[in-house]
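Spelled out, the chains give:
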Amino acid sequence: MVIGVPRELKNSESRVALTPAGAFDLKQRQNHVLVQSSAGENSGFTDEDYRNVGVEILPTAEEVYARSEMILKVKEPLQEEYKLINSRHLVFCFFHFASSRELTLAMKEQKATCLAFETVEERDGTLPLLIPMSEVAGRMSIQQGAKYLEKPHSGFGILLGGVPGVPPARVLIIGGGVVGMQAAKMAAGLGADVTMLDLNLSRLRYLADIMPPNVKTMISNEYNIRKLIKRHPLIVGAVLVPGAKAPKLISRDMLKDMLPGTVLVDVAVDQGGCFETTVPTTHQNPTYTIDNVIHYSVANMPGAVPHTSTLALANATLPYVIRLAENGWKAACQDSKELQKGLNLVHGKAVYPAVAEDFGLPYVPVSSLIK
């Protein structure tokens, strides 16, 4: 198979979808790999690193798309890439369709086949390609939140871990999945007083067993959220509904009840955000303030640490890429329920129920299109 890796275009997106090590494995299996010049530089991989394992370096994205059967990206295609995609392409990346009608309709118009990292799902319900980036984003949410709590950034002016004689900061984490768990580990490690909310009692029992003593668990409901936001200066939104829009758990009217200088970090921003006031931001302009509450909602948080993120993502995606390349995407998805759940659009037809529902598109069962 001819596999193409274009340079990422999203603002401050420095990751690359394939490492030289991954390209080497694909070449060993008789695949042809095309990488756009400088695609890996910001992740620490030079064009020469790719050439040394047999990759063909091309100067433009147009050439990569024109010659490839499978396109590997990290983030979703942007407007200038839409016209480069056609019905013969399999595009494998983070799509997060629920957050963008424009992207969804563009891929439908191009009759694209879109396999989304975030909806590939194992039999036990885990999301193996989302987990590594959720781990990075969860840890970064505390790192960034701690910074913006500092008074020079107009934050509340509190140190997460406190010092002897001064109590630590309270951190509220809404969501007990991978993002929430990693955020809690980081916050607890810094000495903060952490409260985690989740709807699933079994998950809360598990978290209560594995977390250190400075992490408490509570059931997630509006009453508890309204009570807790009044005294937690750092609040992390870490909820996920796979393939669908995130629920809005903190409304605009709740901001008035928060401490001035409270920091909201919305890790669910790729799925529309779990705060009503969330607007996607960039690494260049990561925050904005509403009612004295600082919002951090960068849509590609792991892109700030591209070397770590690229390696973590590639470790997870490469086995699936190899399977797709060796068998073709139809056969691979027939044989693998995990990959089958990753299909969101097939030749422009909506085969993922949440995507069809969110945008009022006709739903077509994926099984009818991969026979």
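Refer to the structure above for everything that follows.
How each quantity is defined
- Residues numbered from 1 in each chain as written.
- Predicted model: local features only at pLDDT ≥ 70, side-chain atom pairs only at ≥ 80, totals over all residues.
- Heavy atoms only, no water.
- 1 Å grid on protein atoms, 1.4 Å probe; cavity = no way out; pocket = protein on both sides within 12 Å on 5 of 7 lines; lining within 4 Å.
- Points joined across faces, edges and corners; volume = space filled by probe spheres on them.
- Helix = DSSP H or I, 4+ residues; strand = E, 2+ residues; numbered from the N terminus.
- Nonpolar A, V, L, I, M, F, W, Y, C, P; charged D, E, K, R; others polar.
- Buried < 20%, exposed > 50% of the residue type's maximum accessible area, 1.4 Å probe, protein only.
- Contact = heavy atoms within 4.5 Å.
- Salt bridge = Lys/Arg side-chain N within 4 Å of Asp/Glu carboxyl O.
- Axes fitted to C-alpha atoms, helices over the stretch in contact; angles between N-to-C directions.
- Parallel < 35°, antiparallel > 145°, perpendicular 65-115°, else oblique.
- Left-handed = near helix turned anticlockwise from the far one by under 90°.
- Polar contact = N/O pair within 3.5 Å; in protein donor to acceptor, adjacent residues only side chain to side chain.
- Phe/Tyr/Trp six-rings, centres within 6.5 Å; stacked < 30°, edge-to-face > 60°.
- Pairing = 2+ DSSP bridges.
- Right-handed = clockwise from strand over helix to strand, strands pointing away.

Asker: Can you break down the layout of surface pockets residue by residue, with the values?
Answerer: Of the voids in this model, the largest pocket is the one considered here, and its volume is about 1100 Å³. Residue lining of the largest pocket: 43 residues in total, with Gly177, Ala238, Val239, Leu240 and Val241 positioned closest to the centre. Mapped by element, the contributors of at least two residues to the lining of the largest pocket are helix 6 (131-148), helix 7 (178-189) and strand 8 (193-198). Here the element with the most residues in the lining of the largest pocket is helix 6; it accounts for 4 residues. For the lining of the largest pocket, the residue count by class is 25 nonpolar, 11 polar and 7 charged. Estimates place the volume of the second largest pocket at around 340 Å³. Residue lining of the second largest pocket: 19 residues in total, with Lys10, Glu76, Ser99, Ser100 and Pro280 positioned closest to the centre. Its residues assigned to classes, the lining of the second largest pocket comprises 9 nonpolar, 6 polar and 4 charged.

Asker: Would you mind going over the side chain of Thr104 in detail, with residue names and values included?
Answerer: The topology assignment puts Thr104 in helix 5 (residues 101-109). Residue Thr104 is classed as buried on the basis of its relative accessible area of 0%. Among residues more than four places away in sequence, those in contact with Thr104 are Phe97, Leu345, Val355, Phe359 and Leu361.

Asker: Give a detailed account of the pattern of salt bridges, specifying residues and quantitative values.
Answerer: Enumeration according to the criterion identifies 14 salt bridges in this entry. Between Lys73 and Glu81 there is a salt bridge whose closest N-O contact spans 3.3 Å. On the basis of relative accessibility, which here comes to 0%, the residue Lys73 falls in the buried class. Here Glu81 falls in the buried class, since its relative accessible area comes to 2%. Residue Asp253 is joined to Arg226 by a salt bridge in which the shortest nitrogen-to-oxygen separation is 3.3 Å. One end of the pair, Asp253, is in the loop between strand 10 (234-237) and strand 11 (263-266); the other, Arg226, is in helix 9 (residues 222-228), and 27 residues separate them in sequence. Owing to a relative accessible area of 34%, Asp253 belongs among the partly exposed residues under this scheme. When its relative accessible area of 27% is taken as the criterion, Arg226 is described as partly exposed. One connected set of salt bridges, linked through shared partners, spans Glu222, Arg226, Asp253 and Lys256.

Asker: Can you break down the packing of helix 1 (residues 20-28) against helix 10 (residues 306-327) residue by residue, with the values?
Answerer: Contact geometry for helix 1 and helix 10: axes closest at 11 Å, N-to-C directions at 25°. The orientation of helix 1 with respect to helix 10, classified from their angle, is roughly parallel. In this structure, the crossing between helix 1 and helix 10 has a hand that is right-handed. In this structure, helix 1 contributes Gly22, Asp25 and Leu26 to the contact, and helix 10 contributes Leu318, Val321, Ile322 and Ala325. The residue inventory of the contact of helix 1 with helix 10, partitioned by class, reads 5 nonpolar, 1 polar and 1 charged.

Asker: Give a detailed account of the side chain of His295, specifying residues and quantitative values.
Answerer: Its location among the elements puts His295 in strand 13 (residues 293-296). Among the polar contacts listed, one links the side chain of His295 to the side chain of Thr277, at a separation of 2.7 Å.

Asker: Can you lay out the packing of aromatic side chains for me, pointing to particular residues and giving the numbers?
Answerer: Counted according to the given criterion, the structure contains 4 aromatic pairs. Ring geometry for Phe92 versus Phe117: centroids 4.7 Å apart, planes at 80°, classification edge-to-face. Of this pair, Phe92 sits in strand 5 (residues 90-93) while Phe117 sits in the loop between strand 6 (113-116) and helix 6, and the two are 25 residues apart along the sequence. Across this residue pair, the class does not change: Phe92 and Phe117 are buried. Seen in terms of ring centroids, Tyr148 and Tyr296 are 5.8 Å apart; in terms of plane orientation they differ by 40°. Their pairing is tilted. Of this pair, Tyr148 sits in helix 6 while Tyr296 is found in strand 13, placing the two residues 148 residues apart along the sequence. Overall, the relative accessible area of 3% leaves Tyr296 in the buried class. An aromatic cluster is present here, built from Phe92, Phe94 and Phe117 joined pairwise through their rings.

Asker: Got a sec to walk through the pairing of strand 7 (residues 170-174)? Specific residues and values, please.
Answerer: The buried fraction of strand 7 is high, at 4 of 5 residues. In this sheet, strand 8 lies alongside strand 7 in parallel orientation, the contact comprising 5 bridges. Following the sheet pairing, Ile174 is matched in strand 8 by Leu197. Crossover strand 7 to strand 8 through helix 7 is right-handed. Judged from the 4 bridges that link them, strand 7 and strand 10 form a sheet pairing that is parallel. Following the sheet pairing, Val171 is matched in strand 10 by Leu234.

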